[in-house]
Structures are given as structure tokens and as C-alpha cells.
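# Chains, contacts and geometry: an overview
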Amino acid sequence: MAKQLMAAAVLLMAVGMNGAQAQDYPARTVTIIVPFAAGGPADITGRIAADIFNRHLGQKFVVENVGGAGGTIGALRAARAPSDGYTILSGHLGTNALAPAFYPNLGYDPQKDFEPIGLTAEYPELLVVRKDFPANNLNEFVAYAKSNASQLNVGHAGLGSVSYIGCLLLNAAIGIKPTMVPFTGTAPVLNAMLGGQIDYECDPVLGTLSQVRAGTVKALAIAARKRSPMLPDVPTS
């Protein structure tokens with residue numbers, strides 16, 4: 001698969017803060033909405049950012065997990081919040097770039113309803129399979145998937161999410177149509193994989209790193225041009 005998919009996590013705030021507000025900001029607790037379940041890469045990134053803000057800006061930054069619909073439920077809540085800078089969205093490629101293509105009645109405009117603050121992280125996706133999956137490399141995976149596509153379950157964080165798009169590209173490149181199973185985030189996907197209900201997923205490297213290192217799941221490939229120093233034994237795709 002000659003594709004490179006980077007999941008970029010971006011902090012965005014609801015637009016509209018006048019000069020007086022900006023001078024005193026932040027004067028009270030700020031909420032960072034992570035539009036996915038706790039424990040996944042978006043959640044980890046959002047909490048790291050919140051901790052940095054807590055230490056440097058003198059106010060509490062609290063994370064609120066609002067999962068569902070590929071992250072768009074949380075993004076919509078952030079878009080509808082008062083435009084005073086006290087609600088921040090930890091958005092990414094799915095919620096703020098891909099969502100309009102998948103949700104015709106999205107309820108928010110990623111370009112008009114948010115003001116970007118900055119890029120917090122970029123990480124490539126991994127092809128991760130359950131521990132007992134009968135393939136140990138990408139070529140073996142392709143061969144097995146082509147012969148058993150109707151029996152395979154693919155976990156993802158919702159329609160339009162990065163994990164959904166990643167495996168959609170992979171499945172299209174192979175020419176298969178397995179069952180796509182939605183969750184509220186990739187952390188629940190990983191739990192289902194550990195329980196044997198999900199066969200594979202395409203998850204940003206941060207989300208499955210500890211489980212891959214522990215050997216409870218297998219990473220067959222990373223969608224990047226170079227190997228990740230975090231997982232140097234996983235070949236690129």
C-alpha cells in the first residue's frame with residue numbers, strides 16, 4: 001500500500017474572543033473536548049496538552065471525553081459552546097477535514113466555527129491485528145484477507161475517523177470488503193481486539209504502542225516512509 005496516512009492532532013477553539021478577554025485569558029477553568037473515548041491517541045494527546053497548559057498558564061485545563069459519530073458529536077458540542085475561548089476542541093484530520101465528506105448534515109463548519117491554536121502532534125498509522133491472527137507480515141495479511149474477507153471484522157472510531165479512513169484505504173488497495181465495526185474511539189477497539197471480537201484495525205501509533213510492545217497484539221506495518229523509532233522492528237508500508 002503506497003499510502004502515507006498521518007493523524008494530525010490540532011487544538012482549536014470556538015471563534016470569537018475580543019481584546020479585553022484576550023488580555024485576561026484564562027481567568028477560569030478551560031475545557032478541552034476530546035471527541036473520542038478515553039485512552040486513545042486523541043485522548044492521550046489532549047491530556048498532555050492540558051497538563052502543559054495547567055503548568056504554564058496558571059489555570060485548570062480539564063479534558064472532557066465526548067465520543068461518537070467519528071468524533072463529530074464532540075466537535076459539534078465545541079462549535080456550539082460560547083465563543084469565549086473557554087472551550088477548546090482537540091480535533092484532528094477526521095473531525096476537521098474529512099467529516100464534511102461523510103456527514104452532509106454535520107451541524108458545524110470546520111473552517112468557520114473554529115480558530116486554530118496550533119498543531120500538537122503528528123503520528124502515522126499502524127496496521128494492528130489480534131495476537132493469534134494467522135499472518136505475521138503485510139504480505140501474509142494480504143493473502144489471508146483476500147481469502148477470508150467475509151469473515152473479518154475491522155474496528156474503527158466511527159465513520160470518517162482517521163482509523164476508519166486508514167483501513168478503508170487499505171481494504172480498497174487489497175480489494176476486499178470486510179465488516180467495518182464502529183466504536184466511540186480506538187481504545188474500545190483495542191479492548192475488543194484483546195477479547196477476540198475484532199481482527200484488525202488501523203490506529204495511530206500512539207494508541208496501540210504499549211500493547212504492541214507487550215506482545216498482546218501484532219503490528220504488521222506502519223504507514224510511513226521511515227520506520228518509527230518507537231517501533232523500529234515494524235516495517236513500513
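Notes on the structure follow.

Here we come to the overall build of the protein. Along the backbone of the protein there are 8 helices and 9 strands. The C-alpha radius of gyration computed for the protein amounts to 18 Å, which stays within 12% of the reference 18 Å derived for 237 residues, consistent with globular compactness. Each of the three principal axes of the protein carries a C-alpha extent, and together these read 65 × 35 × 30 Å. Classification of the 237 residues of the protein by burial places 51% in the buried group. Considering only intrachain contacts with a sequence separation of at least 6, the fraction spanning at least 24 residues in the protein is 76%. Of the roughly 10900 Å² of accessible surface on the protein, 53% is carried by carbon and sulfur atoms. The protein carries 17 positive and 16 negative side-chain charges, and their two centres are separated by 5 Å.

In the sheet, strand β6 (residues 153-156) pairs with strand β7 (residues 179-182) via 4 bridges, with the strands oriented parallel. Of the residues in β7, the one forming a bridge with Asn153 is Thr179. What joins β6 to β7 is helix α6 (residues 162-174), and the crossover it makes is right-handed.

It is at 10 Å that the axes of helix α4 (residues 93-102) and α6 come closest, and there the two elements cross at 65 degrees. Across the interface between the two elements, Leu93, Gly94, Leu98 and Phe102 of α4 pack against Val162, Tyr164 and Ile165 of α6.

For the bond running from Tyr25 to Pro26, omega is -5 degrees, close enough to zero to count as cis. Looking at the secondary structure, you find Pro26 in the loop between α1 (19-24) and β2 (30-34). Backbone geometry places Ala69, a non-glycine residue, at a positive phi of 55 degrees. Among the secondary structure elements, Ala69 is positioned in the loop between β3 (61-65) and α3 (72-80). Ala69 gets classed as partly exposed once you look at its relative accessible area, which sits at 33%.

Below, the discussion takes up the environment of Tyr103. By the secondary structure assignment, Tyr103 is in the loop between α4 and β5 (114-130). On the basis of relative accessible area, Tyr103 is assigned to the buried category, the value being 18%. Residues Tyr103 and Thr29 lie 74 residues apart in sequence; the distance between their C-alpha atoms is 32 Å. Residues contacting Tyr103, with those up to four places away along its chain left out, are Ala69, Gly70, Thr72 and Leu159.

In this section: the nonpolar core. Residues Leu126, Val212, Val217, Leu231 and Val234 are the most contacted members of the largest nonpolar core, which totals 18 residues. Elements with a minimum of two residues in this core: β5, α7 (186-194), α8 (205-214) and β9 (217-222). Contacts of Val212, omitting those with residues within four sequence positions, involve Leu126, Val217, Ala219 and Leu231.

Definitions and cut-offs
Residue indices follow the written sequence of each chain, beginning from 1 at its first position. The predicted origin of the model limits local features to residues at a pLDDT of at least 70 and limits the giving and counting of side-chain atom pairs to 80 or more, whereas totals for whole chains, interfaces and linings rest on all residues. For the side-chain quantities, the full set of heavy atoms in the structure was used; hydrogens and water were omitted. Each helix corresponds to a stretch of at least 4 residues labelled H or I by DSSP, and each strand to a stretch of at least 2 residues labelled E; elements are numbered beginning at the N terminus. Computation of the radius of gyration draws on C-alpha atoms alone. For the globule rule, the value is 2.2 Å times the number of residues to the power 0.38. Only protein chains enter the accessibility calculation, which uses a 1.4 Å probe; a residue whose area is less than 20% of its type maximum is buried, one above 50% is exposed, and one in between is partly exposed. Two residues qualify as a contact provided that any one of their heavy atoms is within 4.5 Å of a heavy atom in the partner residue. Shrake-Rupley sampling with a 1.4 Å probe provides the accessible areas, and residues are treated as covered by the protein chains on show and by no other component. When charges are tallied, Lys and Arg are placed among the positive residues and Asp and Glu among the negative ones, while His and the ends of the chain are skipped. A single reference atom marks each charge: NZ on Lys, CZ on Arg, CG on Asp, CD on Glu. Whether two strands pair comes down to DSSP finding at least two bridges between them. Note on handedness: a clockwise path from strand one over the helix to strand two, with the strands aimed away from the viewer, defines a right-handed crossover. Each axis is a line fitted through C-alpha atoms, and for a helix only the stretch in contact is used; angles between axes span 0 to 180 degrees, taken between their N-to-C directions. Definition of nonpolar core: a set of buried residues of the types Ala, Val, Leu, Ile, Met, Phe, Trp, Tyr and Cys, connected through side-chain atoms within 4.5 Å.

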